[in-house]
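Chain residues, written in single-letter form:
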Amino acid sequence: MATEAQGMAAEARTRVVHAVCSHDCPDSCAVLVTVESLANGGERAVKVEGDPRHPVTQGFLCGKVAQYLERVYSPDRLLYPMRRKPGRPKGPAGHGRDADAFERISWDEALDEIAARLAAIAAEFGPESVLPYSYAGTIGKLGFGSMDRRFFHRLGASQLARTICSEAGGVAFKQVYGIKLGTPPEDFAHAGLIVAWGANIHGNNIHLWPFVEEARRKGARLVVIDPYRTRTAAVADEHLAIRPGTDTLLALALMHTIFAEGLEDAEYMAACTDGAAELRAHALRPEHAPERAAAITGIDAETIRRLARAYAKAGRDGNGPAAIRLNYGVQRSENGGTAVRAVCMLPLITGAWRQRGGGLQLTTSGAFPFNGDALEMPELMQASPLGREARTVNMSRLGHALTELGQTSADGGVANGDGPPVKALFVYNSNPAAVAPNQNAVLRGMLRPDLFTVVHEQFLTDTADYADILLPAPTFLEVKDVQGAYGHLYAQLSQQAIAPLGEAWSNVRLFAELARRMGFAEACFADTDDDLIDQALATEHPFFAGITRQRLQQEGHIALALPGNAAGESLPFSDANWFRTASGRGELTPVPVFIAPAESRGGAACTPEYPLEFLPRKADNYMNSTFANIPRHQRMEARSTGLLELHPADAAARGLVTGDAVEVFNARGSLRLRAQVGGSVPQGVVAARLNWNKLSGADGAAANNVNALTSETVTDIGGGATFYSTLVEVRKVGERSGIETPVDRTPVAAG
Ligand code: SF4
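Residues numbered from 1 in each chain as written. Predicted model: local features only at pLDDT ≥ 70, side-chain atom pairs only at ≥ 80, totals over all residues. Heavy atoms only, no water.

1. A look at the pairing of strand β26 (residues 685-689)
Within β26, five of the five residues are buried, which leaves the element mostly enclosed by the surrounding structure. The alternating pattern of β26 places Val685, Ala687 and Arg689 on one face and Val686 and Ala688 on the opposite face, and all of these are buried. Pairing analysis gives five bridges linking strand β22 (residues 612-617) to β26, with the strands arranged parallel. Note that in β26 the partner of Phe614 across the bridge is Val686. (Buried < 20%, exposed > 50% of the residue type's maximum accessible area, 1.4 Å probe, protein only. Helix = DSSP H or I, 4+ residues; strand = E, 2+ residues; numbered from the N terminus. Pairing = 2+ DSSP bridges.)

Printed below as a string of structure tokens:
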């Protein structure tokens, strides 16, 4: 009896809250948070687990989030507003002393100072001299873009083109299909051939994996196309180590074989596409023959032919159809938009969309018709001192924006026009000092003494090291939000599980309070979280039919109301009704033309000086730079920390063996790593992993990360970042013993 009573008491002290993982991941997991009441009247989350009722989460979380409470309750959390101490220079102090540069202040002091500084800067230089910088540190609708956008629109601040991750592919996909939709993850279980094209499913889309495995148990093959031997490639049936930036040509060579052998689905093409004849003629050109493509892609001709046949014939022989999981790595290349267009055309040629389990998934985000205009209120720009739409600054060119935009020229005029210089930078949901390309230019800009920088963060990131004012941000357990997904088709509501730690404020609260300080009187700045959720859901779009805040609060997740066929199946692009292009059909023109990226072995910028293609790859156990400071995650990534992976032939040509200290460099910068010689990359390619800058140096010294080498060149479509079009050279700077020869490593200086 005593045990039962104790058990009942314990139950009474806990409750389970439905939340949604808001990290930048296609899976958008449903998370059950167990919260325990404390004797002091407070509460503490004691367990997080995947919701078993969610059809895609299926009761498990990834390795990044399974022990999430270590992040939530980390002793390193930023819990209070802080201000840079007088006289303390911007930039990392090193040796774990970065926090020494700041002193604690109240929220009132922080808001007063921010409001005063922004008002003064806007008055002197124009409001466009204020630049917000945010991305997908949270992908909840309220946290990603709602009150923050209202605030900056009303201020007249520069708009930010949020291009750094997926814009090239997203725009490209829409050019072909008109809407960002794809094969539902559950349907991959019905595929007979799965092609993971630039998709590390096992590493960063783990909730697709059970469906892939289910398909494989029924006989499906998994083929991975990726320059890097990812976790997924290692367990696939076949890994094709394509050379970076040559995906368009591989897709054209596959089309070449399909058309040459009459394997296309002419009936589907006639019913659902425009431009079939033009594409056919283009694909059949001799330069797209597998033999010609083999020399450039690095994949032999017979393998290309075999894949083309298997791809086209899948679904026609009693086995399941072919499904492509295309991911965004492919489009982070100079011509990556075209590459996505080319790959996305493959299921339009074979008609793979017609069968359950066939088709392609790049993203499902376009299936969620959230009312973005109601959330962000772009019309507030008209009420700003500008009285017009503000200029737009591309986030993938932050170094340029901070060091060149609107700067005074030698003759006293304004050079590099397009408006005023950036005088205030407001960073939230992002860590640009680590993740933005051309890092040395970014850091030079952030070091500017005349730049007023505010950073809203959970931890003392690389970007926080450059802040004038630091503000504490909550984790997803500490806020309420509504969320879609880009890897499944369920709308979800994330309940606030626990009170914000310390004095952390949500984005909504931060920007609403700041608006009041700035004297913005519009009623929209008083909207509550629930008001905003209602506004986000306020649409007549049929996909959201029946989805309300009240229902989401009760049910946690609700399936989108996608149209179904006679069998009750929702098969995107299985007929012409699905397309949202101007023509109402899949667009096969303009035909995709392969052009080697300038920074690639076949490109115009390839010289003997920098002959190697560099892959600044992402960790399986971090989310870009998020989690890189958490000890558990560091342990999971220890195997590849600080390493440059090289092919044996490239290592031999430079006299390198595993363990040698190397410098990898180009004209933009350099970084120091240890050589790891092996088979993870093809010849001519080297790879290193993204990490925080200050976790990349030896002995706590400030350092660079992989973005010291990447460029601000933008993609052919969408103005996206081109991380994977980067040429470098490598040289030995120390023997395996660790004795190093000195090199100049001082590319960053105040500008
Ligand atoms: S990071 Fe992705 S896989 Fe991991 S819990 Fe979050 S949504 Fe799920």
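2. Observations regarding helix α10 (residues 247-260)
Compared with an ideal rise of 1.5 Å per residue, which puts 14 residues at 20 Å, α10 spans 20 Å between its outermost C-alpha atoms and is within 8% of the ideal. Most of α10 is tucked away, with 13 of its 14 residues classed as buried. Where α10 ends, the next residue or the one after it, Gly262, has phi of about 65°, a positive value. (Expected span 1.5 Å × (residues − 1).)

3. Examining the site of the ligand
Taken together, Cys21, Cys25, Asp27, Ser28, Cys29, Leu61, Cys62, Val65, His207 and Met623 are the residues near the ligand. Put simply, the ligand lies in the largest cavity. Each residue belonging to the shell around the ligand can be placed in one class, and the counts come to seven nonpolar, two polar and one charged. (Near = heavy atom within 4 Å. 1 Å grid on protein atoms, 1.4 Å probe; cavity = no way out; pocket = protein on both sides within 12 Å on 5 of 7 lines; lining within 4 Å. Sits in = over half its atoms within 2 Å of the grid points. Nonpolar A, V, L, I, M, F, W, Y, C, P; charged D, E, K, R; others polar.)

4. Some words on the pattern of salt bridges
Going through the model one piece at a time under the given rule, you end up with 50 salt bridges. The partner of Arg549 in a salt bridge is Asp534, and the shortest N-O contact between them spans 2.8 Å. A residue pair is termed long-range when its members are at least 10 positions apart, and Arg549 in helix α22 (residues 549-555) and Asp534 in helix α21 (residues 529-537) qualify at 15 residues. Residue Asp534 is classed as partly exposed on the basis of its relative accessible area, which comes to 31%. Each of the salt bridges in this network shares a partner with another, and the network as a whole consists of Glu261, Glu291, Glu302, Arg305 and Arg309. (Salt bridge = Lys/Arg side-chain N within 4 Å of Asp/Glu carboxyl O.)

5. Overview of unusual backbone geometry
With an omega of -5°, the peptide bond running from Thr589 to Pro590 counts as cis. Within the fold, Pro590 resides in the loop between β21 (586-587) and β22. You will see that Asn624, though not glycine, has its phi angle at about 55°, which is positive. Inspection of the secondary structure assignment puts Asn624 in the loop between β22 and α23 (631-636).

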